[in-house]
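So the chains spell out like this:
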Amino acid sequence: MALMITDECINCDVCEPECPNGAISQGDEIYEINPELCTECVGHYDEPQCVEVCPVDCIPKDPDHEETEEELMEKYERITA
């Protein structure tokens, strides 16, 4: 399951540089996560790095993009191939 950034985002800019897949970018009002690139850091780290550094806890799992650990690993392999 990809992650998403909620309206509680304060645009602090700490999440974007932490994403190893380049899935996070500045949106019109808040940062956004591209679900096609988000692997929840599977393949890179044990925990999603954006969640680890977010000071306001506004990065939950995106219920519209459910994926298994195996699917996230396959996405990681496609992205990094």
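Everything quoted here is computed from the prediction, not taken from an experiment.

Trainee: Just checking my understanding: could you explain the overall build of the chain for this structure?
Mentor: Summing up its helical and strand segments, the chain has 2 helices and 2 strands in all. In the chain, the succession of helices and strands from N to C terminus is β-β-α-α. Once the C-alpha set of the chain is aligned to its principal axes, its extents read approximately 30 × 25 × 20 Å. Each of the 81 residues in the chain was classed as buried or not, and the buried ones make up 37%. In the structure as shown, the chain presents an accessible area of about 5000 Å², 43% of it carried by carbon and sulfur atoms.

Trainee: Looking at this structure, I do not really get the nonpolar core. What am I missing?
Mentor: A general tendency of soluble globular proteins is for nonpolar side chains to be buried together. In terms of nonpolar packing, the biggest core is built from 16 residues, with Ile5, Cys15, Ile24, Ile33 and Ile59 touching the most fellow members. Setting aside residues up to four positions removed in sequence, Ile24 forms contacts with Ile5, Cys15, Glu16, Cys19, Tyr31, Glu32, Ile33 and Cys50.

Cut-offs and rules
Residues numbered from 1 in each chain as written. Predicted model: local features only at pLDDT ≥ 70, side-chain atom pairs only at ≥ 80, totals over all residues. Heavy atoms only, no water. Helix = DSSP H or I, 4+ residues; strand = E, 2+ residues; numbered from the N terminus. Buried < 20%, exposed > 50% of the residue type's maximum accessible area, 1.4 Å probe, protein only. Areas by Shrake-Rupley, 256 points an atom, 1.4 Å probe, with all protein chains shown as cover. Core = buried A, V, L, I, M, F, W, Y, C linked by side-chain atoms within 4.5 Å. Contact = heavy atoms within 4.5 Å.

Take it as geometry only, folks, not as evidence of what the structure does.
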